[in-house]
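Chain by chain, the residues:
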Amino acid sequence: MSNSQQPNTSSSLSSILQQARASLAHPSRPETPRVDSRHMMNQVRMNSASSLGGERPQTAYGWQDAMSENQTDSFTPGGFGGQSVASQDEFGMPSSSEGYDSIVIQGPESIHEKRFNKEKRKSRKRLQQREGSAQSKGGDSLSGADSQSISSASGIGRDPLQETPSQQQDKDDLLKAKILKCISKYNAQKLKTYCERAKKLAPKDDIGSMFIRECIVTGLKQLLRKHSGTKEDDSNLLKLISVVLISFENTLERSSLFGFCRVLYKISKDSSHDDEFRDNNILIPLMNLIRYMCESVKGKKDWEMLLYCVAILKNVSYDSQENKTYISSYNALALLKTVLESIVRHLAKEKKESTERPLQLLVQVTACLRNLAHTEEDFDAIAESGLLQILCPMMKNLVGQQEFILNSCRILSKVSLHEQCQNVMNEDCPSFYSTVIMVLQQYKSNVPVVIRICFILGNLTFDNEAKRAEFSLRGDVPLLLNLLDTYDKKDTEMHKKESQPDSPADKPKETTKQDKQREKEKRDLDDLLTKLIRLIANISIDHERGSYLAFSMQTESLIRILERKSVQTAEELVLNVVRCITNLTYYGNEARSNANGGFVPDSTLFKHKMRLCEQLSPLLLHDHPDAILEAARTFGNLSQDEQVQQWMKQKRLDEVTLILIDHSNFDIVSAVCGVLINLTGQESDIFTGTNIERLIEVLDYANESLAILIFKLLHNLVVNTPSDKLDHLDLIYDHVENIVESLEEHDDLTEDEENLISIGKRLLEELAYEEL
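Everything numeric in this text was worked out from a predicted model, so none of it was measured.

J.: Kindly report on the environment of Asp626, identifying the contributing residues and their values.
T.: Tracing the chain through its elements places Asp626 in helix H29 (residues 625–638). Overall, the relative accessible area of 33% leaves Asp626 in the partly exposed class.

Encoded structure:
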């Protein structure tokens, strides 16, 4: 007998039925519909089944006012200044109504005067030092010509005493013209040269370095005034800004830096530029900027700057797998955790009026986290980083923040498939379960949130008995049953509308926006029912909660769903419904005995057992192996009822199950054997000589667990069938005896092997009695 041919199943019928109560091991993740436009804030319609379909409000910035110049305080190690933006747009975001001319840049004349005076002082000092050195040697003062030659040799070029401010201005005007020309031509390589020149000048000529930087900012401002906004121009503009940010980073003025971030955010809303953000190395300066702002302990956080920087990371990591990997490789998860901690500290001590921007930033951070969680390495990092321990209390305290709750549920639904993250949620987050149930209670009318909460809890209760036992019979289980009843009714109404055509038959059908919306709502309802029923199936494995569910009136919804749906149109939903029915019908015959000692199966599903049989019987002949398996498991419970047995014989389902005895899937064969064991509890004439031979053939290559079921089936046949109607008794005896003797030769026997020997010996005794 081969143990390697097929996986082991349960050692008895009860174990087979126990296995039938397991739900999907690898369920599908909730679908997150695409949002074609990437916007900063999302006005979620939380009471609509199509919450995720709502468009985000457009940011009210055009190219001509993409850089706000109302804030001119510098970005220094002490943090940003406390000045606020003068005006805001309709969505509460900063807006510039004064145009680019409001940028505060020192005029060229003031710079030239400063430079002239500074160089004049330096030249005089050098001349005095030279004269003092000559006099100490007994010589006279230097002549004008000698002084000029020394000045030239020292690298100054021309004696500032002889160069007027207007002459210096001519030189600077020429440099400025060159810079503006290279920017207007989108010459990123040439601009990089000027940026490097400014960096080199900084130690010895900070005014000259400042002049070049301000010329570059002025050039970018003028470029934005005539920027067309085409993809090609956006790409070129992105290259220019990346050169400036990489070269200067934190040395730029706050107003300029903030303006660049707004421009980059606008470009990032177009997914075609995602790769360019990575190729131009602009993401690293952005992450450095976020890190610097979070680590700065002096002054207040610049929440608006953080908001744009994180929103850019969120946008460029939405579609591009390469960007997700690239950003994650620079420890972005730890960076976003730091941002979350900064928000938590701010919300804990600040008044409500000053929390608007941090809350908007919170939405962007959670959306970015959701994007970045896409590989096993990311899940491991999230589990080890402590992010989940921060997120759970925030959900509890900010349960009214709808978009934050939705993003958090998206994150948790992804990581709940990962074992290490499950352990963190179960063990390191004491309030996790109560928080999630509270969110489910408050958002029970919001389809996207309900889908994800049910998915999270379904993953956590799949193989965790302790988590199943946490569901309260007074509040939590009734909540799930009410959700099942509510959304079953909604699905029923939608099904009725679909069955009633709203247009004449001769009118051509066109796919309208409303049709697409209805189709999306239908998919969302199917997805919600799938995740909810899977969760109920998992909870019903617990004996106390399973009994409660089995006798609840709302479980009739499961039969109604089977009557409306098919495997072809809603495969995952139908399979989960049948699995849940299998679990609940396990408790159907448990209860009450009447005066005659018979069963009184008064559970809700057993009250409607004939309706249930009508819906399940076609699945036994379905092409889908999972549909056959789940239907056979359910009939394994239902066929314990005598009325169901009679119905199956009338419909010749006993012959159908016998045909499945040759199925290549051993799980199906095991489930079918359970049904046949129930059907042969009384006299049956379906096992002719040919069928006995087929059963013996299966026994030849069955493993121990399947062999136990076949032995029990043969035992029922021998006991309940007259010997003159049962063929091949000798064949049965020889095969059973060979198996028993073969097993008895071994010393170390498994529990299944010992059970098989015990049943085999009883069967041999019955066969020997029949021969007598």
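J.: Before we move on, could you go through unusual backbone geometry and cite the residues and values that matter?
T.: Positive phi values are uncommon outside glycine, yet Tyr186 reaches one of about 55°. Among the secondary structure elements, Tyr186 is positioned in the loop between helix H4 (165–184) and helix H5 (188–201). Tyr186 gets classed as buried once you look at its relative accessible area, which sits at 19%. The phi dihedral of Asn331 falls on the positive side, at around 60°, and the residue is not glycine. Of note, Asn331 is situated in the loop between helix H12 (321–329) and helix H13 (332–349).

J.: Any chance you could break down the nonpolar core for me, citing the residues and the numbers?
T.: Grouped together as the largest cluster of nonpolar side chains are 207 residues, with contacts concentrated most on Ile216 and Leu283. Broken down by element, the residue count for this core peaks at 11 residues, all from helix H11 (residues 303–316). Among residues more than four places away in sequence, those in contact with Leu283 are Phe277, Arg278, Leu313, Val316, Tyr326 and Ile327.

J.: Before we move on, could you go through the packing of helix H28 (residues 609–616) against H29 and cite the residues and values that matter?
T.: Direction vectors running N to C along H28 and H29 enclose 155°, while the axes themselves pass 11 Å from each other. Judged by the angle between their axes, H28 and H29 are roughly antiparallel. As H28 packs across H29, the resulting crossing turns out to be left-handed. Across the interface between the two elements, Leu612, Cys613 and Leu616 of H28 pack against Ala631, Thr634, Phe635 and Leu638 of H29.

J.: Kindly report on the pattern of salt bridges, identifying the contributing residues and their values.
T.: Going through the model one piece at a time under the given rule, you end up with 25 salt bridges. Linking Glu655 and Arg652 is a salt bridge whose minimum nitrogen-to-oxygen distance equals 2.9 Å. Since its relative accessible area comes to 36%, Glu655 is described here as partly exposed. Each of the salt bridges in this network shares a partner with another, and the network as a whole consists of Asp488, Asp491, Asp526, Arg560, Arg564 and Lys565.

J.: Hey, could you go over a negative patch on the surface for me, with residue numbers and the actual values?
T.: A grouping of Glu693, Glu697, Asp700 and Asp727 is seen on the molecular surface, where their side chains present a negatively charged patch. Structurally, Glu697 can be placed in helix H33 (residues 689–701).

J.: Which residues make up the packing of aromatic side chains, and what values do they have?
T.: The geometry of an aromatic ring pair is captured by the separation of the ring centres together with the interplanar angle, meaning the angle of the planes. Summed over all chains, the structure comprises 6 aromatic pairs. The rings of Phe258, Tyr265 and Tyr308 are connected pair by pair, giving a single aromatic cluster. One Lys or Arg, Arg213, reaches over the ring of Phe248 and ends 5.9 Å from the middle of that ring. Above the face of the Phe258 ring, Arg254 is positioned so that its terminal group lies 4.3 Å from the ring centre.

J.: Give me the lowdown on H29, citing residues and values where you can.
T.: Along its 14 residues, H29 runs 20 Å from first to last C-alpha, staying within 8% of the 20 Å computed at 1.5 Å per residue. By the criterion of burial, H29 is predominantly enclosed, with 12 of the 14 residues buried.

J.: Which residues make up H28, and what are the values?
T.: Every buried residue of H28 is listed here: Lys609, Leu612, Cys613 and Leu616. Along H28, the residues classed as buried sweep out an arc of 100° about the axis, all on the same side. Looking at the buried side of H28, the elements it contacts are helix H25 (557–564), helix H26 (571–585), helix H27 (604–607), H29 and helix H30 (642–650).

J.: Help me get a handle on the environment of His715, residues and values and all.
T.: Residue position: His715 is located in helix H34 (residues 704–720). Along the chain, His715 and Gly760 lie 45 residues apart, while their C-alpha atoms are 8.8 Å from each other. Beyond its immediate stretch of four places on either side in the chain, His715 contacts Arg762, Leu763 and Glu766.

Rules used in this analysis
Per chain, residue numbering runs from 1 following the sequence as it is written. pLDDT decides what is reported in this predicted model: residues at 70 or higher carry local features, side-chain atom pairs at 80 or more are listed and counted, and totals for whole chains, interfaces and linings draw on all residues regardless. The side-chain values count all of the structure's non-hydrogen atoms but skip hydrogen atoms and water molecules. Here a strand is any run of E in DSSP of at least two residues, a helix any run of H or I of at least four, and the numbering for each starts at the N terminus. Burial here depends on accessible area, computed with a 1.4 Å probe over protein chains only, as a share of the maximum for the residue type. Under 20% is buried, over 50% is exposed, and the range in between is partly exposed. Take the buried residues of types Ala, Val, Leu, Ile, Met, Phe, Trp, Tyr and Cys, join any two whose side-chain atoms come within 4.5 Å, and each joined set is a nonpolar core. Any two residues whose heavy atoms approach within 4.5 Å at even a single point are treated as in contact. Only the stretch in contact is used when fitting a helix axis, every axis being a line fitted to C-alpha atoms; angles between N-to-C directions are given from 0 to 180 degrees. Angular relationships are summarised with four words: roughly parallel below 35 degrees, roughly antiparallel beyond 145, roughly perpendicular across 65 to 115, and oblique for the angles in between. The sense of a crossing depends on the near helix, which, turned anticlockwise from the far helix by less than a right angle, makes the crossing left-handed and, turned clockwise, makes it right-handed. Throughout this description, the term salt bridge denotes a Lys or Arg side-chain nitrogen within 4 Å of a carboxyl oxygen of Asp or Glu. Within this analysis, patches are made of residues with over 30% relative accessible area and no salt bridge. Like charges are joined at 9 Å or less; nonpolar side chains (Val, Leu, Ile, Met, Phe, Trp, Tyr) at 5 Å or less. Only the protein chains shown count as cover for residues, with accessible areas throughout obtained via the Shrake-Rupley method and a probe of 1.4 Å. When charges are counted, Lys and Arg contribute as positive and Asp and Glu as negative, whereas His and the chain ends are disregarded. Taken as the charge location is NZ of Lys, CZ of Arg, CG of Asp or CD of Glu. Pairing of aromatic rings covers Phe, Tyr and Trp, the last through its six-membered ring, and needs centres within 6.5 Å; plane angles under 30 degrees mean stacked, over 60 mean edge-to-face, and all others mean tilted. For a ring to carry a charge above it, either NZ of a lysine or CZ of an arginine must fall within 6 Å of the ring centroid while also lying within 35 degrees of the normal to the ring plane. Take the residue count of a helix, subtract one, and multiply by 1.5 Å to get its expected span. An arc is given here, and it is the one of the directions from the helix axis to the C-beta atoms.

That's the geometry; what it means functionally is another story.
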